[in-house]
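What follows is each chain in one-letter form.
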Amino acid sequence: MSKKPKRDNAHYEQRLKAEFPDIYGDVLTGRISSLRKALVISGLKPQRTRLEKLKNSWAKATPGERDGFLTWLAISGALPVASPHPAAAASTPLPAGAPIASGRYLLPSTITRIKAIMAKHRLKPDDVMREMGFLSDGQPLARALAKNASLRLAVIAGLEAWLRTHEA
């Protein structure tokens, strides 16, 4: 059984140097900014499509980044409006007195509910903050939804009232 040859950057750089010395010289002088571009120009590697690049980025993304991207797609209208999780669509409104956060961090079920309402009404974090009476800067809310970052207690209290209003 023969071993598969290693096809790393050094291999392709050697081929470029031997088969396309003029293109290799352009890489060395900086006229071509990367080895990958030189390999595409020489025909040694194919040009990657945007879809291939997206698939590669998706595979490298963390679960939080993937969730944030899907939320962005839903909010921007690129996807049909649907709740991110089947359980969210069938969920009942928040019972009176049920916590939405643990300290300064939103509970996962709360994040799901907020994202579903935002997608349904095509709201952005800025819009939600404005509806609660805060300045329109929705970055803290966006970070809390995508990366489970902490929020000010006043924002959490506002979110509780906002959720009750939108789930009624």
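Residues numbered from 1 in each chain as written. Predicted model: local features only at pLDDT ≥ 70, side-chain atom pairs only at ≥ 80, totals over all residues. Heavy atoms only, no water.

S.K.: Which parts of the structure should I look at to understand the overall build of the protein?
M.R.: Helices and strands together make up the secondary structure of the protein, namely 10 helices and 2 strands. Each helix (α) and strand (β) of the protein, taken in turn from the N terminus, gives the series α-α-α-α-α-α-β-β-α-α-α-α. Scored against the burial criterion, the 168 residues of the protein give a buried share of 29%. Sequence-distant contacts, at least 24 apart, represent 55% of the contacts inside the protein between residues at least 6 apart. (Helix = DSSP H or I, 4+ residues; strand = E, 2+ residues; numbered from the N terminus. Buried < 20%, exposed > 50% of the residue type's maximum accessible area, 1.4 Å probe, protein only. Contact = heavy atoms within 4.5 Å.)

S.K.: What is the right way to read the packing of aromatic side chains from this model?
M.R.: Two aromatic rings, taken as a pair, are described by how far apart their centres are and by the angle between their planes. Tallying each qualifying case throughout the model produces 1 aromatic pair. For the ring pair Trp 58 and Phe 69, a centre distance of 6.2 Å and an interplane angle of 65° mean the geometry is edge-to-face. On the criterion of sequence distance, the pair formed by Trp 58 in helix H4 (residues 50-60) and Phe 69 in helix H5 (residues 63-76) is long-range, its members being 11 residues apart. Taking relative accessible area as the criterion, Phe 69 reaches 35% and is therefore assigned partly exposed. (Phe/Tyr/Trp six-rings, centres within 6.5 Å; stacked < 30°, edge-to-face > 60°.)

S.K.: Looking at this structure, how should I read a positive patch on the surface?
M.R.: Positive charge collects at one region of the surface, where Lys 37, Arg 48, Arg 50, Lys 53 and Lys 60 lie side by side. Checked against the element boundaries, Arg 48 lands in the loop between helix H3 (35-42) and H4. (Patch = residues over 30% accessible without salt bridge, like charges linked within 9 Å, V, L, I, M, F, W, Y side chains within 5 Å. Areas by Shrake-Rupley, 256 points an atom, 1.4 Å probe, with all protein chains shown as cover. Salt bridge = Lys/Arg side-chain N within 4 Å of Asp/Glu carboxyl O. Lys, Arg positive; Asp, Glu negative; His and termini not counted. Charge placed at Lys NZ, Arg CZ, Asp CG, Glu CD.)

S.K.: Quick question: what am I supposed to make of the confidence of the model for the protein here?
M.R.: It should be kept in mind that the predicted coordinates are not to be read in detail where pLDDT is low. Of the residues in the protein, 86% reach a pLDDT of 70 or more, and the chain-wide mean stands at 83. Taken element by element, the protein is modelled with least confidence in helix H6 (residues 86-89), mean pLDDT 44, and with most confidence in helix H2 (residues 21-29), mean pLDDT 94. Across residues 81-91, where pLDDT falls below 50, the model places 13 contacts with residues more than four positions away in sequence or in other chains. (pLDDT = per-residue confidence, 0-100.)

S.K.: What should I look at first to understand the pattern of salt bridges in this one?
M.R.: Side chains bearing opposite charge may pair, as long as their charged atoms lie close to each other. Counting across every chain of the model gives 6 salt bridges. Two residues, Asp 26 and Arg 31, come together in a salt bridge whose shortest N-O distance is 2.9 Å. A residue is classified by how much of its surface remains accessible, and Asp 26, at 23% relative accessible area, is partly exposed. The salt bridge partner of Asp 127 is Arg 130, with a shortest N-O separation of 3.2 Å. Of this pair, Asp 127 and Arg 130 are both found in helix H8 (residues 125-131), 3 residues apart, which corresponds to roughly one turn of the helix. Accessibility expressed as a relative area gives 23% for Asp 127, which makes it partly exposed. For Arg 130, a relative accessible area of 46% corresponds to the partly exposed category.

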